[in-house]
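Structural overview for review
This is what each chain is made of:
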Amino acid sequence: MNHIDLRGLGVALVTPFNNEGDIDFNALELVVDHLLAGGTNYIVVLGTTGETATLDAEERAAVRDFVVDRVAGRVPLVLGVGGNCTRAVVNDLASQDLTGYSAILSVAPFYNKPSQEGLYQHFSKIAETSPLPVILYNVPGRTGVNISAATTLRLAHDYDNVIAIKEASGNFKQIEEIINNKPDGFKVISGDDALTYPLMTLGAEGVISVVGNAFPKEYGRMVRLCLEGRYHDALPIHYGFSKLYDELFVDGNPAGVKCLLHEMGLIDNVLRLPLVPTRIETSQELRKLLNELTN
């Protein structure tokens, strides 16, 4: 079983598209290099921020392999492998080339709204068949179902290869319960940029970030200060990003961060339908905040 250190800044990688709507691998290379130069601890490929739901199987494989080649072992890689049909996820794990990846990130099944027992059995099947360690991903605002603390803890205690949860429920009581009762070595990771600072004061050990696509160095410094227990030094950085947190997600993700990366000259500001770029007023505000944060 591969080992991966999930402490620190993980970044949920965007998938750049060109103006014809195809994957822009030149821009993807620029973003990956930007993350590496900024000190990103690990990169999550084909997650929500990567617009994975709009990519076909051939495109997903191309992105998966391209990032492995470009990163060339310099930081660990996590691959998004999830869905709302357990059999399909298990088959995907069996058939995919996972070379170069150290773990998978698997989202709670969306749309069909399983019970807690259904969630437990879904992730049990994944844990039993995955050749890589499993990171659970709880994001009820997108999936329509919450992985309860009890279910998370049950999975963490029953399966040694269920090594972490990316928690984006925003439920502090639930996340505290997981932190206080988890087995040794199990990591709780923030799935919400705006909540990373307070969650790390409670015992979370890092973040899988959206804003880190644009600001890996600056945002990563806040995360590392928190890991060192230097919360007083990290707090001004958290506050410095507070306006950006709001604007980044007002028109949905990854519209905001793609707008930022476009303003930075890294990608075209193109998303795939049903997602669309930010509104003009949001773009103007993001441009203003970018100037404030970089000057």
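I will try to describe carefully the structure that is included in this document. This one's a predicted model, so the numbers in the text were calculated from it and none came from an experiment. (Residues numbered from 1 in each chain as written. Predicted model: local features only at pLDDT ≥ 70, side-chain atom pairs only at ≥ 80, totals over all residues. Heavy atoms only, no water.)

**Details of the environment of Tyr239**
This is how it is decided: Strands are runs of DSSP state E lasting at least two residues, helices are runs of H or I lasting at least four, and both sets are numbered from the N terminus onward.
Mapping Tyr239 onto the fold places it in helix α10 (residues 231–240). Taking the C-alpha atoms as reference, Tyr239 lies 44 Å from Arg87; in sequence the two are 152 residues apart.

**A short note on helix α12 (residues 255–263)**
We apply this condition: Think of it in three bands: with a 1.4 Å probe and only protein chains considered, a residue is buried below 20% of the maximum accessible area for its type, exposed above 50%, and partly exposed in between. Only heavy atoms matter for contacts: two residues are in contact if any of them lie within 4.5 Å across the pair.
Here α12 lies mainly inside the structure; seven of its nine residues are buried. Within the span of α12, buried status applies to Ala255, Gly256, Val257, Lys258, Cys259, Leu260 and Leu261. Next to the buried residues of α12 lie α11 (242–249) and α13 (280–294). With its phi angle positive at about 80°, Gly265 sits one or two positions after the end of α12.

**Brief notes about the nonpolar core**
Put simply, the rule reads: Here, the term nonpolar core denotes a set of buried Ala, Val, Leu, Ile, Met, Phe, Trp, Tyr and Cys residues that are joined through side-chain atoms within 4.5 Å.
Judged by nonpolar contacts, the single largest core of 82 residues is most densely connected at Leu13, Val45, Val67, Tyr219 and Leu244. The element contributing the most residues to this core is helix α1 (residues 25–37), with six residues. Other than its neighbours up to four places away in sequence, Tyr219 contacts Leu9, Asp193, Thr196, Val207, Ser209, Val211, Phe241 and Tyr245. Membership of the second largest hydrophobic core comes to 17 residues, among which are Ala12, Val107, Ile135 and Ile208.

**What about the packing of α11 against α13?**
Packed helix pairs are specified by the crossing angle of their axes together with the interaxial distance, meaning the distance between the axes. Note the threshold: Axis definition: a line fitted to C-alpha atoms, over the contacting stretch in the case of helices. Angles run 0 to 180 degrees between N-to-C directions. Geometric relationships in this document are graded by angle, where less than 35 degrees denotes roughly parallel, more than 145 denotes roughly antiparallel, 65 to 115 denotes roughly perpendicular, and other angles denote oblique. Crossings are sorted by hand: turned counterclockwise from the far helix by less than a right angle, the near helix makes the crossing left-handed, and turned clockwise it makes it right-handed. Classification used: nonpolar for Ala, Val, Leu, Ile, Met, Phe, Trp, Tyr, Cys and Pro, charged for Asp, Glu, Lys and Arg, polar for all others including Gly.
The N-to-C vectors of α11 and α13 enclose an angle of 150°; their axes lie 10 Å apart at closest approach. Classified by the interaxial angle, the pair formed by α11 and α13 is roughly antiparallel. For the crossing formed where α11 meets α13, the hand is left-handed. Residues Lys243, Leu244, Glu247 and Leu248 of α11 touch α13, and the partners they reach there are Thr282, Glu285, Leu286, Leu289 and Leu293. When grouped by side-chain class, the residues that make up the contact of α11 with α13 number five nonpolar, one polar and three charged.

**Some points on the pattern of salt bridges**
Put simply, the test is: Basic side-chain nitrogens of Lys or Arg form a salt bridge, by our definition, when they fall within 4 Å of a carboxyl oxygen of Asp or Glu.
Scanning all chains against the criterion turns up 12 salt bridges. Across the salt bridge formed by Asp65 and Arg64, the nearest N and O atoms sit 2.9 Å from each other. For Asp65, a relative accessible area of 32% translates into the label partly exposed. Since its relative accessible area comes to 8%, Arg64 is described here as buried. Within this structure, Glu29, Asp33 and Arg70 form a network of salt bridges that share partners.

**Here's the deal with the environment of Ser130**
By the element assignment, Ser130 lies in the loop between α4 (116–129) and β5 (134–138). Separated by 27 residues in the primary sequence, Ser130 and Ala103 place their C-alpha atoms 9.2 Å from one another.

**Some details on the packing of aromatic side chains**
Worth spelling out the cut-off: Planes of paired rings set the category: under 30 degrees apart is stacked, over 60 is edge-to-face and the rest tilted, where pairs are Phe, Tyr or Trp rings (Trp by its six-membered ring) whose centres lie within 6.5 Å. In this scheme, Lys NZ or Arg CZ marks a charge over a ring once it lies within 6 Å of the ring centre and within 35 degrees of the ring normal.
A full pass over the atoms with the stated rule returns six aromatic pairs. Between the aromatic rings of Phe241 and Tyr245, the centroid separation amounts to 6.2 Å while the plane-to-plane angle is 25°, which identifies the pairing as stacked. Put simply, the rings of Phe215, Tyr219, Phe241 and Tyr245 pair up and form one aromatic cluster. The ring of Tyr120 is capped by Arg154, whose NZ or CZ atom sits 3.5 Å from the centre of that ring.

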